[in-house]
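Commentary on secondary and tertiary structure
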Amino acid sequence: MENTKRIMVLIIATVLVSGMIQAGEQPQAKLSNTRQASCMVKVTCDPVVLPLSFETIDYLLRSSGVGGKAAREVLDVSPDQVQDLFIIEYVHELISDATSKSPSGRSSGLEGGINEYEYAMMMEAEYSEMYNEMMNPSGSTQSTRSSKGSRRPRRIQSTGRTLTTSDFPVNEQTYLFSLHIQLPEPIKPAAEEFMDCVLFNLKNALIRASDEHVQKLNGQLKIADEEAAQAEHDLSRKREELRNISGSRILDRDSVLAEIEKIRSDIQKIKMEQDSDQVMVDATTKQIAEIQAKMQKEINTDAVIKELKELLALQQQNFQQVEKFYKNGSTSLVDDLADAQEKLVRSRIELAQRREQLSKSAGGNLIESLNSTLTNYSLNATQNQMKLVSLAQQLKDAEELLCKTDDYELLSLKTDIAKQSLQETILWRDRMSRHIRMVQPPSVSVIGGD
Amino acid sequence: MEQDRIAALESQVRQLNAQAEVAMNLIQEVLEEERRQSRLDELEAQLANIPDPLEEMQKQVDKTAYILVYQADRLYRELNQTDSAVENYRRVIELFPENRWAKVARKRLSEIKSEKSNKTDSKGDMQWKTQNASWS
């Protein structure tokens, strides 16, 4: 079995090489002098690049770019005549789907799938069967032959199954068909050259389609790259703008409004306290001033003090006289001098006591405690004033922040959109890259040939 | 002889007694003087302990006026609350016109007034300059 496989591979390689060489040769080269040629062709193509079917293969082979071109170049006949120069018989179709495991993938024809070895064996068996049928034209295999000049789709008789295997890592379709060349008189007897050229042109056409597809994907990838770079730039710019607006804090309209409400409430509370303190300051100051005035008035108008002052003046005079006599030598007046001095001091004491008494009755003893109270209220008032200044600034800042919140929210929305856009673009770019990696170049292999 | 000697002795004793009495009187006088001085000192101390209510009151009023001026200074200089400061300065002048802090309050009011007039002038200058610029 292994040997058969190797032989098949060698045959395919030989046919391919010889086909390519012959296709490249000038018509003037030596002809094979054959009017019939046949081979089995295996076409593998990514369905994303070109969704092949037997109808499309048939059309391709008979198109002016493939069969027509070969007819013109090899046989020197009009491309219109190509319709009658060959017959295509459908042998097999195999679909390998890399995404078949995914929910959106195609349904598998065989639940367990088949491996490449089994597939090769199956293909070998079918090829042998097909070969036998070809050798026996009266067999049951149905073929299609188009009428001359007709472009209507040919009815393709399906003899096999559509196989799908999840073991293949890539997404590709494989078609097997037999190609029979039959050149009637007076066409040049170059059936083999014509067959090679047809297959060469078919391969070129498929490769061109694949290249175009890949080129298109590369273009899309480039656009996706540019879009991703732009989206990233937009996102970073918007984030920077957000930071500039908010000072790296999250701005929430409700929380800012709540903050403003709290500040206003605090201001109101402190203003009330301040008003209360100020009233107390005013009242205390006024009370002190009244006590001062009352004390001065009472001390200045008190009759007892007046009498005491007069008495003090008399005592003062008496003392001065006695002191004068004493100093002039009347030493016997020493007792009188001491007595006068004592009386003078006592009068002063009485006067001071009276003034003190009046001061107390006018409230003079309260002034000290009133001053203490005044100090406390004054300090409170100043502190509250400081708090008010600070709160006023906070309120101003919060109101400015509220204005910024609208911009912030709008910009946040834009940032979210930019972020989403970036995600989508990155996803798109990755998908493009994967698609490009997954695209399988088409191949046309010739298996056997007369 | 014996009698003469006795008489002399008696005379000496009398002299000594007289001297002792003089000494005693002197001591009594000194003691009395000390007692008198002590009493006088006590009275002076008592007098000194009685505070002059008007002086005390003046001190307290000084303190009151100082508190108001101090508060006004903070409002004016630290918190830039000129209106509240002016109110406090005026209160000091109104309630304690003779106090030394009332003089300070007057000085501050004068400063504020001149500052305001300077600002108004500079604003006027600016307006004038702006107007000139727009005309030119």
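Residues numbered from 1 in each chain as written. Chains lettered and ligands numbered in written order. Predicted model: local features only at pLDDT ≥ 70, side-chain atom pairs only at ≥ 80, totals over all residues.

Looking only at helices and strands, one finds four helices and zero strands in chain B. Starting at the N terminus, the α and β elements of chain B follow one another as α-α-α-α. Burial statistics for chain B: of 136 residues in total, 19% are counted as buried. (Helix = DSSP H or I, 4+ residues; strand = E, 2+ residues; numbered from the N terminus. Buried ≥ 20, exposed ≤ 12 C-beta atoms within 10 Å, placed from the backbone.)

The next subject is the overall build of chain A. Summing up its helical and strand segments, chain A has nine helices and five strands in all. Taking all 450 residues of chain A together, the buried fraction comes to 28%. Long-range pairs, those at least 24 residues apart, make up 88% of the contacts in chain A with a sequence separation of at least 6. (Contact = placed C-beta atoms within 7 Å.)

The next thing to look at is the interface of chain A and chain B. Tallying the contact residues gives 31 residues for chain A and 27 residues for chain B. By residue number, the principal contributor to the side of chain A that touches chain B is helix 8 (residues 334-361) of chain A, which donates 12 residues. The residue inventory of the side of chain A that touches chain B, partitioned by class, reads 13 nonpolar, 11 polar and seven charged. (Nonpolar A, V, L, I, M, F, W, Y, C, P; charged D, E, K, R; others polar.)

Per-chain confidence: chain A averages 77 in pLDDT, with 75% of residues scoring 70 or above. Ignoring residues within four places in sequence, the model shows residues 98-169 of chain A, a span with pLDDT below 50, making 89 contacts including any to other chains. (pLDDT = per-residue confidence, 0-100.)

This paragraph deals with the nonpolar core. Core analysis: the biggest nonpolar cluster contains 42 residues, and Val 41, Phe 177, Ile 181, Phe 194, Met 195 and Val 198 of chain A have the highest contact counts within it. Tallying contributions element by element places helix 5 (residues 191-246) of chain A first for this core, with nine residues. Ignoring sequence-local partners within four residues, the contact set of Phe 177 of chain A consists of Val 41, Phe 54, Ile 57, Ile 88, Glu 89, Tyr 90 and Val 91 of chain A. In terms of nonpolar packing, the next biggest core, distinct from the first, is built from 26 residues, Leu 374 and Tyr 377 of chain A together with Tyr 76 and Phe 96 of chain B among them. (Core = buried A, V, L, I, M, F, W, Y, C linked by C-beta atoms within 7 Å.)

Here we come to the packing of helix 5 of chain A against helix 9 (residues 367-438) of chain A. All names here are of chain A. Where helix 5 meets helix 9, the closest approach of the two axes is 8 Å, and the angle between their N-to-C directions is 155 degrees. Put simply, helix 5 runs roughly antiparallel to helix 9. Considering only the axes of helix 5 and helix 9, their crossing is left-handed. Its residues placed into classes, the contact of helix 5 with helix 9 shows 17 nonpolar, nine polar and 12 charged. (Axes fitted to C-alpha atoms, helices over the stretch in contact; angles between N-to-C directions. Parallel < 35°, antiparallel > 145°, perpendicular 65-115°, else oblique. Left-handed = near helix turned anticlockwise from the far one by under 90°.)

The next point concerns the pairing of strand 1 (residues 36-45) of chain A. Residue and element names in this part refer to chain A. Across the 10 residues of strand 1, eight count as buried, placing the element largely inside the fold. With 10 bridges connecting them, strand 1 and strand 4 (residues 172-182) associate as antiparallel partners. What sits directly across from Lys 42, in strand 4, is Leu 176. (Pairing = 2+ DSSP bridges.)

Quick look at the environment of Asn 88 of chain B now. Residues and elements named next belong to chain B. Mapped onto the secondary structure, Asn 88 falls in helix 3 (residues 82-95). Among the residues examined, Asn 88 registers 29 C-beta atoms within 10 Å and is labelled buried. Residues Asn 88 and Ala 65, 23 residues apart in the sequence, show an inter-C-alpha distance of 9.6 Å. Aside from chain neighbours lying at most four places away, what touches Asn 88 is Leu 68, Gln 71, Ala 72 and Leu 75.

Counted at 1.5 Å a residue, the expected span for helix 8 of chain A with its 28 residues is 40 Å, and the 41 Å between its end C-alpha atoms agrees. Looking only at helix 8 of chain A, the buried set comprises Leu 337, Ala 340, Gln 341, Leu 344, Val 345, Ser 347, Arg 355, Leu 358 and Ser 359 of chain A. In this structure, the buried residues of helix 8 of chain A make contact with helix 6 (253-301) and helix 7 (303-327) of chain A together with helix 1 (2-49) and helix 2 (53-78) of chain B. Following helix 8 of chain A by one or two positions, Gly 363 of chain A has its phi on the positive side, about 100 degrees. (Expected span 1.5 Å × (residues − 1).)

All right, on to unusual backbone geometry then. Residue and element names in this part refer to chain A. With an omega dihedral of 0 degrees, the bond running from Glu 185 to Pro 186 counts as a cis peptide bond. By secondary structure assignment, the location of Pro 186 is in the loop between strand 4 and helix 5. Positioned with a positive phi, Asn 33 is a non-glycine residue whose angle comes to about 60 degrees. Take Asn 33: it is sitting in the loop between helix 1 (2-24) and strand 1. The exposure class assigned to Asn 33 is exposed, which follows from the 10 C-beta atoms found within 10 Å. If you check the backbone angles, Asp 76 has positive phi at about 55 degrees while not being a glycine. By the secondary structure assignment, Asp 76 is in the loop between helix 3 (64-75) and strand 2 (86-96).

Before going further, it helps to spend a moment on helix 1 of chain B. For helix 1 of chain B, which comprises 48 residues, the first-to-last C-alpha distance of 69 Å matches the rise-based estimate of 70 Å (1.5 Å per residue) to within 8%. Burial analysis of helix 1 of chain B places just zero of its 48 residues in the buried class, a small minority of the element.

Our focus in this paragraph is the environment of Pro 79 of chain A. Residue and element names in this part refer to chain A. As for its placement among the helices and strands, Pro 79 is situated in the loop between helix 3 and strand 2. A C-alpha to C-alpha distance of 8.7 Å links Pro 79 and Arg 62, two positions 17 residues apart in sequence. With sequence-adjacent residues up to four places away left out, Pro 79 is seen in contact with Ser 64, Gly 68, Ala 71 and Arg 72.

This part covers the packing of helix 6 of chain A against helix 2 of chain B. At a closest axis distance of 11 Å, the pairing of helix 6 of chain A and helix 2 of chain B adopts a crossing angle of 160 degrees. Put simply, helix 6 of chain A runs roughly antiparallel to helix 2 of chain B. Crossing handedness for the pair helix 6 of chain A and helix 2 of chain B: left-handed. Residues Thr 285, Ile 288, Gln 292, Met 295 and Ile 299 of chain A of helix 6 of chain A form the contact with helix 2 of chain B, whose participating residues are Pro 53, Leu 54, Met 57, Val 61, Thr 64 and Leu 68 of chain B. Looking at side-chain class alone, the contact of helix 6 of chain A with helix 2 of chain B contains eight nonpolar, three polar and no charged residues.

All names here are of chain B. Within chain B, residue pLDDT values average 87, and 90% of them lie at 70 or more. Ranking the helices and strands of chain B by mean pLDDT puts helix 3 first, with 92, and helix 4 (residues 100-135) last, with 79. Interface confidence for the predicted complex, given as ipTM, is 0.71, next to a pTM of 0.51.

Residues and elements named next belong to chain A. Residue position: Ser 390 is located in helix 9. Classification of Ser 390 as partly exposed rests on a count of 14 C-beta atoms within 10 Å. The spacing of Ser 390 and Ile 267 is 123 residues in sequence and 9.8 Å in space, taken between C-alpha atoms.

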